[in-house]
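Structural overview for review
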Amino acid sequence: MTADETSSTDNQLRDEGSEIAALETQFDIVRYMRRKCEEYGLKFFIVFNLPGFEAEKLSAYSIVSNWPQEILAKYDALRMVRHSAGIRKLRLTTVPFSYDMREWIGESSEQTDFSELLDVMTGHGMLTGHFFPVHDALGNRGAIVWGGESPTLGRDERLMLQMISVHLFNRLAEIGAAWKSGQVVLTEREIQCLSWTAAGKTSLEIAEILGLSEHTVNHYLNQVTRKLEAVNRTQAVVKAIRRGLIA
């Protein structure tokens with residue numbers, strides 16, 4: 001790498017760090033991560049605190065994610081957090097690593113059939129996972145996993161995503177979204193549905209915008225209302241805005 005290339009990379013690292021430091025809510029971080037996925041040819045991301053050995057569901061440790069609900073539900077139903085080769089490796093290393101999901105499933109357990117999960121992940125284009133171990137200033141450990149169809153990352157891409165992942169995890173800690181008492185974690189779909197509700201759209205209109213059924217939109221909004229302990233959608237919107245969950 002030439003001196004000019006090194007200087008350019010350093011400048012890009014500083015720019016990314018400054019942009020992440022300016023993110024104010026979980027919603028801002030989700031939008032930022034979606035943009036990074038597009039830039040690096042990826043599709044999915046999940047940020048989570050490192051689960052303990054007795055953990056049952058990854059969703060209980062998830063901070064922000066755009067994983068399809070079908071994948072996360074199947075992952076939790078199979079208690080994959082206890083079998084995952086990726087989770088085991090995250091407990092042992094601080095070095096980023098990647099997995100072909102077919103190999104990852106195969107290494108996870110010889111006793112349990114995870115072929116259904118693999119089929120669902122393959123159907124959504126989640127063929128590779130790039131794992132970045134992270135920790136915050138207090139030593140709380142976690143990980144950010146970027147996924148998609150690309151089996152490899154270039155050296156510069158991996159370096160940049162590692163830096164981005166470290167900054168994102170610490171920014172989430174600073175925002176207080178990850179560890180504050182009474183934490184509320186919303187999925188990307190729940191955030192989308194609630195954001196459109198805040199914009200004055202009806203369930204039917206939201207369904208048309210997002211390409212979902214009206215029944216599914218109502219399900220997401222009911223889930224959000226329950227999570228926020230709101231009496232109706234209007235109150236859910238107000239509470240979400242106050243918590244910084246939507247803009």
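If you're wondering where the values come from, they're calculated on a predicted model, not measured in any experiment. (Residues numbered from 1 in each chain as written. Predicted model: local features only at pLDDT ≥ 70, side-chain atom pairs only at ≥ 80, totals over all residues. Heavy atoms only, no water.)

Secondary structure summary: the chain contains 12 helices and five strands in total. Against the globule reference of 18 Å for 247 residues, the chain gives a C-alpha radius of gyration of 18 Å, in line with a compact fold. Across its three principal axes, the chain shows a C-alpha extent of roughly 55 × 50 × 35 Å. Buried residues in the chain amount to 47% of all 247 residues. Considering only contacts in the chain between residues 6 or more positions apart, those separated by 24 or more positions represent 59%. For the chain, the accessible surface area stands at approximately 12,400 Å², while carbon and sulfur atoms represent 49% of it. Separation between the mean location of the 27 positive side-chain charges and that of the 32 negative ones in the chain comes to 6 Å. (Helix = DSSP H or I, 4+ residues; strand = E, 2+ residues; numbered from the N terminus. Rg over C-alpha atoms; globule rule 2.2 N^0.38 Å. Buried < 20%, exposed > 50% of the residue type's maximum accessible area, 1.4 Å probe, protein only. Contact = heavy atoms within 4.5 Å. Areas by Shrake-Rupley, 256 points an atom, 1.4 Å probe, with all protein chains shown as cover. Lys, Arg positive; Asp, Glu negative; His and termini not counted. Charge placed at Lys NZ, Arg CZ, Asp CG, Glu CD.)

This next bit is on the layout of surface pockets. Roughly 480 Å³ of internal volume is contained in the largest pocket. Taken together, 21 residues make up the lining of the largest pocket; nearest its centre are S59, Q69, L72, T187 and K227. Contributing elements (two or more residues each) for the lining of the largest pocket: β2 (62-65), α3 (69-77) and α11 (214-227). A per-class count over the lining of the largest pocket returns eight nonpolar, nine polar and four charged. A domain-level breakdown of the lining of the largest pocket finds at least three residues from each of domain 1 (3-179) and domain 2 (188-243). When its volume is computed, the second largest pocket comes out at roughly 320 Å³. As for the second largest pocket, its lining consists of 18 residues, and the residues nearest its centre are R34, N66, E188, R189 and Q192. Among the elements of the structure, α2 (26-40), α9 (188-198) and α11 are those that each provide at least two residues to the lining of the second largest pocket. Of the residues contributing to the lining of the second largest pocket, the split by class is seven nonpolar, six polar and five charged. Shared between two domains, the lining of the second largest pocket holds at least three residues of each, these being domain 1 (3-179) and domain 2 (188-243). (1 Å grid on protein atoms, 1.4 Å probe; cavity = no way out; pocket = protein on both sides within 12 Å on 5 of 7 lines; lining within 4 Å. Points joined across faces, edges and corners; volume = space filled by probe spheres on them. Nonpolar A, V, L, I, M, F, W, Y, C, P; charged D, E, K, R; others polar. Domains from an automatic or database assignment.)

Time to look at the sheet that holds strand β1 (residues 44-49). Spatially, five strands are ordered β2-β1-β5-β4-β3 in an open sheet, and the strand pairing comes out antiparallel. The outermost strands of the open sheet, each flanked by one partner alone, are β2 and β3 (97-100). Adjacent strand axes in the sheet meet at a mean angle of 20°, parallel and antiparallel pairs treated alike. Here β1 runs beside strand β5 (residues 141-148); their pairing, made up of six bridges, is antiparallel. In the strand pairing of β5, F45 is matched with W146. (Pairing = 2+ DSSP bridges. Axes fitted to C-alpha atoms, helices over the stretch in contact; angles between N-to-C directions.)

Another aspect to go through is the nonpolar core. Core analysis: the largest hydrophobic core is formed by 45 residues, its most contacted members being M33, W146, I164, L168 and L194. Grouped together as the second largest cluster of nonpolar side chains are 29 residues, F44, L50, I71 and F97 included. (Core = buried A, V, L, I, M, F, W, Y, C linked by side-chain atoms within 4.5 Å.)

A word on empty space enclosed by the protein. For the coordinates displayed, the defined rule picks out two cavities of 30 Å³ or more. Here the largest cavity defines a volume of roughly 100 Å³. Counting only elements with at least two residues in the lining of the largest cavity, the list comes to β1 and α6 (101-108). Of the residues assigned to the lining of the largest cavity, the class counts are 11 nonpolar, one polar and no charged. Space inside the second largest cavity adds up to approximately 30 Å³. Lining the second largest cavity, in full, are S65, W67, P68, Q69, L72, T187 and E188. Broken down by class, the residue content of the lining of the second largest cavity amounts to three nonpolar, three polar and one charged.

This part takes up the environment of L42. Inspection of the secondary structure puts L42 in the loop between α2 and β1. Relative accessible area serves as the criterion here: at 7%, L42 is assigned to the buried category.

Interpretation note: all reported values are geometric properties and have no functional meaning in isolation.
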